[in-house]
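So you can see what is in the structure, the chains are spelled out below.
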Amino acid sequence: MKKVLILGGGFAGVDAAIHLRKLNYDVTLVSNRDYFYIYPTSIWIPTHESEFQNVCVDLRELQNAHGFTLVVDDVTEISKKENSVTLKNSGTLDDYDYLVIAMGAAKMKAPGIENTLSICGAPEQSLQIRDALDVLVKKGSGKICMGFGGNPKDSSAVRGGPGFELLFNVHNMLKAKGIRENFELTFFAPMAEPGKRMGPQALKMMDMMFKKLNIKQHFGKKIKQFEKDGIVFEDDTKLASDFTMFIPAGDGHEVIKNSDLPTNEAGFVKTDDTSCVLNEDGSLSNIYAIGDVAALEGYDWRAKQGHIAEVMAKNTAHNIDQRDNGGSDFKGYHEHLNILCVMDTGDGAAFVYRDEKRAFMLPMPVIGHWLKKGWGLYCRNSKLGKIPRIPGM
């Protein structure tokens with residue numbers, strides 16, 4: 001039985017482990033935390049609609065369900081040349097046949113970033129956001145600013161959707177408490193048209209929604225620094241804020257940047273369409289990179305999302321199996337590139353879709369919110385093997 005070492009316990013890593021075990025590989029999964037975190041449903045933790053534990057799946061439960069070996073540790077070094085991985089506490093591992101890197105991305109660090117919290121950062125930040133909002137709710141008034149940034153070296157390394165969702169949910173929370181009129185809500189971003197990658201219809205609908213909910217917009221100015229009481233922009237103007245939630249753009253993982261792996265300008269691992277890292281002569285290596293750690297090639301509007309990471313994971317398991325059985329029916333991720341999400345608003349949602357042929361946003365009042373809630377339950381239970389996996393999901 002051939003051995004596969006997987007680095008990362010997020011959407012890409014967990015799905016790779018599940019699919020490789022189904023193909024009877026000896027799988028070891030290394031994660032720097034002992035739970036799988038369902039980031040898309042973490043938006044409800046700050047508004048008290050979900051508890052932290054409801055957004056987590058114990059990796060030991062997943063280990064028991066699928067039969068892989070779990071190691072909770074930090075990766076400190078990867079050597080392609082030496083075919084080895086070094087862990088902080090467990091030492092060096094070099095007895096694997098294949099290495100699947102699914103460690104996610106680092107975050108760009110703007111000056112004063114410590115004065116912000118991110119719904120897409122370390123999971124515990126969702127609880128810190130909740131506590132900060134609770135303080136303002138108790139006070140009864142305040143200025144709340146939420147936004148996201150981009151990476152000029154890699155346009156795919158941006159994640160703005162959760163910022164929109166969280167602000168809409170905070171609006172509804174404040175409205176339910178009868179204090180919305182006492183709060184100034186602002187969404188900010190350095191680009192002139194945040195959300196443009198979702199398509200022109202979505203961009204227009206988002207603008208209408210901001211105006212309808214009395215959410216101010218501050219777009220098109222680069223961020224100079226964050227301060228305790230606001231955001232300073234390149235022209236030295238300042239947006240006052242009692243609480244700032246900011247989602248930094250993704251950046252290459254430090255372990256990857258310090259490795260001998262091929263990377264793009266931003267520090268993401270270069271692969272071919274099948275997610276395989278190529279040798280210098282163009283041949284296939286025994287290393288695959290999937291999810292946010294990988295350089296995503298393709299359309300200008302491409303974005304790193306969980307469902308793309310899962311496609312990469314499933315394809316990687318298939319491609320490894322093909323190689324070991326003399327096949328050549330390799331599968332790539334590029335044909336599956338699209339933007340797909342249910343953008344929750346707290347009292348409804350909007351279905352957003354874009355591919356190379358079309359782009360649209362479909363409002364789903366009321367039912368959309370509960371569909372996303374249902375997806376969270378599906379995600380948890382399907383990964384645990386308690387319910388069947390829906391094809392394509």
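Look up a bit, the structure's there.
These remarks concern the structure in this document.

Observations concerning the pattern of salt bridges
Within the structure shown, the criterion is met by 21 salt bridges. As a salt-bridge pair, Asp 355 and Arg 358 come within 3.9 Å of each other at their nearest N and O atoms. Residues joined in a network through salt bridges with shared partners are Asp 15, Glu 310, Lys 383 and Arg 389.

Regarding unusual backbone geometry
With a phi close to 55 degrees, Asn 83 is a non-glycine residue in the positive phi region. With respect to the helices and strands, the residue Asn 83 is situated in the loop between β6 (75–79) and β7 (84–87). The phi angle at Val 366 is positive, at roughly 65 degrees, despite the residue not being glycine. With respect to the helices and strands, Val 366 occurs in the loop between β23 (359–365) and α8 (367–383).

Here we look at the packing of aromatic side chains
For the structure shown, the criterion picks out 19 aromatic pairs. Residues Phe 164 and Phe 210 carry aromatic rings whose centres are separated by 6.0 Å and whose planes lie at 50 degrees to one another, so their mutual orientation is tilted. Taken together, the positions of Phe 164 in helix α4 (residues 161–176) and Phe 210 in helix α5 (residues 200–212) put the pair 46 residues apart, joining distant regions of the chain. Residue classification places Phe 210 among the buried positions, given a relative accessible area of 3%. A network of ring pairs unites the aromatic residues Phe 148, Phe 164, Phe 168, Phe 187, Phe 210 and Phe 219 as a single cluster. For the cation-ring pair, Lys 304 lies above Phe 268, with the distance from its terminal atom to the ring centre recorded as 3.3 Å.

Digging into the side chain of Arg 302
Within the secondary structure, Arg 302 is located in the loop between β20 (284–289) and α7 (306–324). For Arg 302, a relative accessible area of 11% translates into the label buried. Separated by 2.5 Å, the side chain of Arg 302 and the backbone oxygen of Leu 296 make a polar contact. Dropping the residues within four chain positions of it, Arg 302 is found in contact with Asp 154, Ser 155, Ser 156, Arg 197, Leu 296 and Glu 297.

As for the packing of helix α1 (residues 11–22) against α7
Viewed as axis vectors pointing N to C, α1 and α7 meet at an angle of 30 degrees, and their least axial separation amounts to 8 Å. Taken together, α1 and α7 sit at an angle that is classed as roughly parallel. Crossing geometry of α1 relative to α7 is assigned as right-handed. Of the residues in α7, those touching α1 at Phe 11, Ala 12, Asp 15, Ala 16, His 19 and Leu 20 are Gly 306, Ala 309, Glu 310, Ala 313, Lys 314, Ala 317 and Ile 320. Partitioned by chemical class, the residues of the contact of α1 with α7 number eight nonpolar, two polar and three charged.

Re the sheet that holds strand β1 (residues 3–7)
Within the open sheet, the six strands sit side by side as β5-β2-β1-β9-β20-β19. Their pairing is mixed. A strand with exactly one partner marks an edge of an open sheet, and here the two such strands are β5 (69–72) and β19 (276–278). Strand after strand, the sheet turns through a mean of 25 degrees between neighbouring axes, direction not considered. Pairing of strand β2 (residues 26–31) with β5 involves four bridges; the strand directions are parallel.

A short note on a nonpolar patch on the surface
A contiguous nonpolar patch, built from Leu 278, Leu 284 and Phe 330 and spanning about 210 Å² of accessible area, is present on the exposed surface. Since its relative accessible area comes to 34%, Leu 278 is described here as partly exposed.

Digging into the pairing of strand β14 (residues 223–227)
With four bridges connecting them, β14 and strand β15 (residues 230–233) associate as antiparallel partners. Bridge assignment links Phe 226 to a residue of β15, and that residue is Ile 231. Between β14 and β15, which pair antiparallel and follow one another directly, the connecting turn spans two residues.

A word on α8
Compared with an ideal rise of 1.5 Å per residue, which puts 17 residues at 24 Å, α8 spans 24 Å between its outermost C-alpha atoms and is within 8% of the ideal. Taken together, the buried positions of α8 are occupied by Gly 368, His 369, Lys 372, Lys 373, Gly 376, Tyr 378, Cys 379, Arg 380, Ser 382 and Lys 383.

Observations regarding the side chain of Thr 274
Looking at where Thr 274 falls in the secondary structure, it is placed in the loop between α6 (254–257) and β19. Ignoring any residue separated from it by four or fewer positions in sequence, one finds Thr 274 in contact with Tyr 288, Thr 316, Asn 319, Phe 330, Lys 331 and Gly 332.

Some details on the sheet that holds β14
Strand order in the open sheet formed by three strands is β14-β15-β16, with antiparallel pairing between adjacent strands. Of all the strands in the sheet, the pair left with one neighbour each is β14 and β16 (238–240). Adjacent strand axes in the sheet meet at a mean angle of 20 degrees, parallel and antiparallel pairs treated alike.

Thoughts on the nonpolar core
In terms of nonpolar packing, the biggest core is built from 42 residues, with Ile 6, Leu 20, Phe 36, Leu 62, Val 100 and Ile 290 touching the most fellow members. Looking at this core, the elements that each hand over two or more residues are β1, α1, β2, β3 (35–37), β4 (56–58), α2 (59–66), β9 (98–101) and α7. Among the elements that take part in this core, α1 stands out by supplying seven residues, more than any other. In contact with Val 100, other than residues within four places in its own chain, are Val 4, Leu 5, Ile 6, Leu 7, Ala 16, Tyr 288, Ile 290, Thr 316 and Ile 320.

Rules of the game
Positions within a chain are numbered from 1, following the residues in the order the chain's sequence is written. Predicted model: local features are reported for residues with pLDDT of at least 70 only, side-chain atom pairs are reported and counted for 80 or more only, and whole-chain, interface and lining totals are derived from all residues. Only hydrogens and water are set aside; all other atoms, that is, all heavy atoms of the structure, feed into the side-chain values. Salt bridge, as used here, is a side-chain nitrogen of Lys or Arg placed within 4 Å of a carboxyl oxygen of Asp or Glu. Helix and strand definitions here come from DSSP, where helices need a minimum of 4 consecutive H or I residues and strands a minimum of 2 consecutive E residues; each element is numbered from the N-terminal end. Centres within 6.5 Å are what make two rings of Phe, Tyr or Trp a pair, Trp counting through its six-membered ring; a difference in plane orientation under 30 degrees is then read as stacked, over 60 as edge-to-face, and the rest as tilted. Think of it in three bands: with a 1.4 Å probe and only protein chains considered, a residue is buried below 20% of the maximum accessible area for its type, exposed above 50%, and partly exposed in between. Two limits define a charge over a ring: the Lys NZ or Arg CZ must be within 6 Å of the ring centre, and within 35 degrees of the ring normal. Distance and chemistry together define a polar contact, namely a pair of N or O atoms within 3.5 Å, with one atom able to donate a hydrogen and the other to accept it when in protein, and with adjacent residues in sequence counting only for side-chain atoms on both sides. Two residues form a contact once any of their heavy atoms are found within 4.5 Å. Between the N-to-C directions of two axes lies an angle of 0 to 180 degrees, each axis being a line fitted to C-alpha atoms and, for a helix, fitted only over the stretch in contact. Between 65 and 115 degrees an angle is taken as roughly perpendicular, under 35 as roughly parallel, over 145 as roughly antiparallel, and anywhere else as oblique. For any helix crossing, the convention is left-handed if the near helix is rotated counterclockwise from the far helix by under a right angle, and right-handed if that rotation is clockwise. Amino acids outside the nonpolar list (Ala, Val, Leu, Ile, Met, Phe, Trp, Tyr, Cys, Pro) and the charged list (Asp, Glu, Lys, Arg) are all regarded as polar, and Gly is one of them. Pairs of strands are assigned from DSSP output, requiring at least two bridges between the strands. Two distance rules govern patches: like charges are joined within 9 Å, and nonpolar side chains (Val, Leu, Ile, Met, Phe, Trp, Tyr) within 5 Å, applied only to residues with over 30% relative accessible area and no salt bridge. Residue burial considers only the protein chains on display, and all accessible areas are found by Shrake-Rupley using a 1.4 Å probe. The span one expects for a helix is its residue count, reduced by one, times 1.5 Å. By nonpolar core we mean a set of buried residues, namely Ala, Val, Leu, Ile, Met, Phe, Trp, Tyr and Cys, connected to one another through side-chain atoms within 4.5 Å.

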